[in-house]
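# Structural characterization, general
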Amino acid sequence: YTPNTVGSSGFLGAVSTNDFIGWGVWTSATKANLVTPSPIPVNYLHFVAGQPTAVMPVTGTVSYSLAGSTAPTLYTGTSGTLLSTSFVADFVNATIAISLATSFGTVRGPLSIAGQDFTGGTNGTIKGFFSGPNAARAGLVYNGFSAANYGYFSGAAVFQAP
């Protein structure tokens, strides 16, 4: 793996505690190929790492703010900009209303919460998890399709509760 060093990684909290969450992007990597013995190249792999929330809230609605993100990246390696975000978790109904507007296109929810994890999306896919005490943070990766740029884009984002 080769990490990207252009300001697209970061973290919150301490690794030794349950409030850590980090994000970044590998610019090049290989993964095992289960069909043939040769590895498959993987470029611009965005990630979020952290310890999932042990006890999830079951009441309330929380509006999260963007705490950090990678730059959205086209499959060709062209970097873009994350223009605006919204992330509202409804713990009563186990849903998330989300929008990630990038310079390549917008990926949005609704998403479904299952335990600490959430997934879904329209105009692409979003997968993530809640981290920290009482779901204080949420980290996710997203993929979308840009008709204007003829290809897929991806990124990672971390959100913080007030």
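First, a word on what this report is: a plain description of the structure on this page. (Residues numbered from 1 in each chain as written. Predicted model: local features only at pLDDT ≥ 70, side-chain atom pairs only at ≥ 80, totals over all residues. Heavy atoms only, no water.)

We now examine the overall build of the protein chain. Looking only at helices and strands, the protein chain has zero helices and 13 strands in total. Starting at the N terminus and ending at the C terminus, the protein chain contains elements arranged as β-β-β-β-β-β-β-β-β-β-β-β-β. Looking at the 162 residues of the protein chain, the share that counts as buried comes to 39%. Restricting the contact set of the protein chain to residue pairs at least 6 apart, pairs at least 24 apart contribute 50%. (Helix = DSSP H or I, 4+ residues; strand = E, 2+ residues; numbered from the N terminus. Buried < 20%, exposed > 50% of the residue type's maximum accessible area, 1.4 Å probe, protein only. Contact = heavy atoms within 4.5 Å.)

Time to look at the pattern of salt bridges. Per the counting criterion, the structure on display carries one salt bridge. With its nearest N and O atoms 3.9 Å apart, the salt bridge here joins Asp 19 to Arg 137. With Asp 19 in the loop between strand E2 (10-12) and strand E3 (21-31) and Arg 137 in strand E12 (residues 137-146), the pair connects residues that are 118 residues apart, well separated along the chain. (Salt bridge = Lys/Arg side-chain N within 4 Å of Asp/Glu carboxyl O.)

To continue, consider unusual backbone geometry. The residue after Gly 109, namely Pro 110, is reached through a cis peptide bond having omega 25°. Topologically, Pro 110 is positioned in strand E9 (residues 106-114). The phi angle at Ala 94 is positive, at roughly 55°, despite the residue not being glycine.

The values reported here are purely geometric and, on their own, carry no functional implication.
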